[in-house]
Structures are given as structure tokens and as C-alpha cells.
Amino acid sequence: MKIIVCGFGYVGATVAACLLREGHAIVGVDISPDKAAAISAGESPIHEPSVGDFLRMGHADGRLVGATDVGDHVLDAHMALICVGTPSKPNGSLDLSFVVKIARQMGEAVRRRDPSLPPILLVFRSTMLPGSMDNVVLPNLLETAGEAPGGRYEVAYNPEFLREGTAIADYFAPPKTVIGERAPGTAKRMLGICDGLDAPLFEVSFSVAEMVKYADNSFHALKVAYANEIGRLALSLDMAPQRVMEIFLSDTKLNISPYYLRPGAPFGGSCLPKDVRALAACMRDNGVSAPVMEHILASNASHKSFLVQEVGKRVAVGGRILLLGLTFKSDTDDLRESPLLDLAEHLIGKGYKLSIYDPDLKTDALVGANRRYVQEHLPHLSSILVQDVAAAAAAADLVVVGKAMPGVVDRLGSSVPVFPIHRL
């Protein structure tokens, strides 16, 4: 295919090199005349293993040319990959001016494309916040092209997951391939350039594809910051930081795994809140700055408040709510620092008529800290606990599922409005 690559920075140059290796013809577009000239000479504008070799090979075969604008290349190209930068503004927000500029250039060029040709596929790869494709890219394309996608052009969003230093290997064996589509099937599987890649494929909406990229990058940043905080404390206590983390990383059942990474209820119980407090206090006592550790509990509290607000959006104050679950997780009667206990207390305090169903909880068997928690937070617990969950659900305006209860929700009937907070 003839493919236009717009923006010949790190991502654009790498993608172009890999596509040249696959046998495609590439037009490398960059607003810098120097970069455009380098591309036309088969020279790489970046330092990345094998990228320069593939560019030179494509140039020698006559399959690589450079340009400072898309010009007439749109008239017969099969696809355009938009890899322009999205730098930060002083206030931290994204500067999408380069994206807007290339979208408008593409739209203007598309106007001149022969409508009898298959639509050119415009694939945006620039990192953009959710909503950017729908609210920025598409309106600019519509205005300049004079028509919606589906005729002379089609649009897709395909975030990249390349690491500097291993970009070529990551391109051909990415952790995943994510294709954002205007409607199912409109990306046409990126016209085959993803075929053969060793990765799971996800075809999703624009906004989900945009969000996945940010979920990835922010988590990578969090992991580095967390590991460095643990390392600082270990070093201050005369331990080998790498040894601590070596043992931590050996746990692929809980630590390096999908566990605890499903959006849902806040954490609670006898261990996590207590131990986060203790470790944060230990870091303060040893003069170790630990902003991540210090703010974990604050983030958890914010999530509790968020869930209360979300319940309020679904049923007015004074409404009847059935809460499924009160202990901090399934198959335990432990109420210590249970977020569901906090939620129940807040809902009652706001004026909701609350009933609770929890087969794990036996009030007459509560002892010690569990009994004290009930006495402090919900002294009238026995009066709002129900045994007939179906009858309680039928009388409720909303059922809030606080923890996993296999089979229980299925017994409630499809007419009962359900808000599952254990899996958002």
C-alpha cells in the first residue's frame, strides 16, 4: 500500500521503518524542512536500533519519500497514519494544535479525492485524551472535507505501545493492539497492517482506545514512583532495595497480576488501611518523602464519596435502597474498616431508607472489633438486615451490589434497577 506517515518523530519514524520492512511505500510528512529532506535521503531523524537500516532500505528501493505537507499524496494513498505531537501546555493540558492542523489539511485534500476510489483510512496515533477524536478531530475533518466519514475517507484511532530502545521489537510483538472505531467494522482492521502481530486485538470505541493509552502510561508512572518510595525507605533502614523488590516481584499471583486492578469498591478490612497508615508513618519518622504512600488512603476516601454521589444520581434522597453486602469482601464476616459499612452509614445519614442483605454476616456471632464497629456505626443493624432478598429488592428503588454474590442478583428479576459498585 501507499501509506502517508504524518509526523516523523519517534513514533512516526519507527512506524514508517516497520511498514517499509513489510514492503509498503511510505510518504513521510513533517513540517520541518530539514526532517523532510532527511527522509527523502533515507536518513533517520531519531536514534533507535534498526530504524535507520529500514529507512535506508526503503529509500534504496524507491519506496520512501519526504514532504512538508500531505499535498496530492492523499489523492491515491490507501492510508494515512497521524503521529504528530501532543505536547503539554503550561497548565498541564494537551496542546492539540498539531492534530487540528493535520486533520484540517487532510480534510482539504480529501475534497479532491476521486469518490470512486475506496476511502482513504485516516488513522490517528497521537496520544489524546478521551473525547478528542469525537470532539476535535471529527468536527475539523467534517468542516474541511465537506462530508462525513464513510465516503471519501474513514477514520480510526490506534494508540501505540512502543518503548524507546526496543521500538522495532515492540511494533511486531506489542502487548496488545487497540483499534478505536467510529462504528464496528469501519476501521477495516487497519487494512491488514495489524495482521500477523503477536498480540491480543481489541476493537473498541474512540474514547475507550484513547483512555487505554492513558491508563497504561499513568500506571507505568505510578509503578516507578511506588518502587522508588519503597526503595528510599529500604535504603534508609539499611536494607537492599533491589532484594526487597525482587521478592515482591516474584509474587505473580497477587502482586504482578490482575488482582486488585478491577475498578469497583474501595479497599477495607483489617490489613490494608492499617498497614498503609503504618508504612506512611514509618516513612515520616525516617524522613523519607513518600507522596504516593501518603495519599493512598485519601484516594480511597475519595472513592467512597464518589460512590455515595453515584447512588444519589440514581435515586432521590428518601428513596428505598437495598445494599447487598456489608462485610468488606465476600466469604468473610469481617466488618473492620469495611467501605460498605461506611456507605451504609452515609446513606442512612442522608435520609435514605436502607435495608441490607449479607449472607456472610451473623449479628449474634459478632465479637471483638466486629461488634464494636457495628455498635459505633450501625447500632440498629439488626433492624435493617433482611433475609428475603427477593422481597426486599422488589420493594426497593435501587439495589446496590457491594460485593460479589454469585446467583443472588439473578434471583432479583430484570425489573429491579441494579448498581454494581463491586465492579464498576
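Going by the structure above, here's the rest.
Only a predicted model underlies this, so the values are computations on that prediction, with no experimental measurement involved.

Q: Mind laying out the packing of helix H11 (residues 296-314) against helix H12 (residues 339-350), listing which residues take part and the relevant values?
A: Orientation of H11 relative to H12, taken along the N-to-C sense of each, is 45 degrees, at an axis distance of 10 Å. In terms of their interaxial angle, H11 and H12 are classed as oblique. Here H11 runs over H12; the crossing is right-handed. Counted together, Lys304, Val308 and Val311 of H11 and Pro339, Asp342, Leu343, His346, Leu347 and Lys350 of H12 form the full contact between these two elements. Grouping the constituent residues of the contact of H11 with H12 by class yields five nonpolar, one polar and three charged.

Q: Lay out the sheet that holds strand S7 (residues 177-181) with the relevant residues and their values.
A: If you trace the eight strands from one edge of the open sheet to the other, you get S3-S2-S1-S4-S5-S6-S7-S8, paired in mixed fashion. Each edge of the open sheet carries a strand with a single partner, namely strand S3 (64-67) and strand S8 (201-205). For this sheet, the mean inter-axis angle between neighbouring strands, taken without regard to orientation, is 25 degrees. When strand S6 (residues 153-157) meets S7, the two strands line up antiparallel, connected through two bridges. Among the inter-strand pairings, tyrosine 157 is bridged to a residue of S7, identified as glycine 180. Most of the contacts of helix H2 (residues 33-40) go to S3, to which it runs at about 165 degrees, and overall it touches strand S2 (25-29) and S3. In the packing of helix H7 (residues 206-236) onto the sheet, the strands contacted are S6, S7 and S8, and the crossing angle to S8 comes to about 120 degrees.

Q: Outline unusual backbone geometry, listing residues and values.
A: Negative phi characterises most residues that are not glycine, and trans characterises most peptide bonds. Phi at lysine 188 takes a positive value of approximately 50 degrees, unusual for a residue other than glycine. Note on placement: lysine 188 falls in the loop between S7 and S8. One non-glycine residue, arginine 189, lies in positive phi territory at about 50 degrees. Considering the arrangement of structural elements, one finds arginine 189 in the loop between S7 and S8. You can call arginine 189 partly exposed: its relative accessible area is 44%.

Q: Can you lay out the packing of aromatic side chains for me, pointing to particular residues and giving the numbers?
A: The final tally for this structure, using the stated rule, is three aromatic pairs. Here the aromatic rings of tyrosine 226 and phenylalanine 248 are separated by 6.2 Å at their centres, their planes lie at 45 degrees, and the arrangement is tilted. With tyrosine 226 in helix H7 and phenylalanine 248 in helix H8 (residues 241-249), this residue pair connects regions lying 22 residues apart in the sequence. For tyrosine 226, a relative accessible area of 27% corresponds to the partly exposed category. Looking at phenylalanine 248, the relative accessible area reads 26%, which means it is partly exposed. The ring of phenylalanine 161 has lysine 176 lying over it, and the distance from NZ or CZ to the ring centre is 4.3 Å.

Reading the values: rules and limits
Residues numbered from 1 in each chain as written. Predicted model: local features only at pLDDT ≥ 70, side-chain atom pairs only at ≥ 80, totals over all residues. Heavy atoms only, no water. Axes fitted to C-alpha atoms, helices over the stretch in contact; angles between N-to-C directions. Helix = DSSP H or I, 4+ residues; strand = E, 2+ residues; numbered from the N terminus. Parallel < 35°, antiparallel > 145°, perpendicular 65-115°, else oblique. Left-handed = near helix turned anticlockwise from the far one by under 90°. Contact = heavy atoms within 4.5 Å. Nonpolar A, V, L, I, M, F, W, Y, C, P; charged D, E, K, R; others polar. Pairing = 2+ DSSP bridges. Buried < 20%, exposed > 50% of the residue type's maximum accessible area, 1.4 Å probe, protein only. Phe/Tyr/Trp six-rings, centres within 6.5 Å; stacked < 30°, edge-to-face > 60°. Lys NZ or Arg CZ within 6 Å of the ring centre and 35° of its normal.

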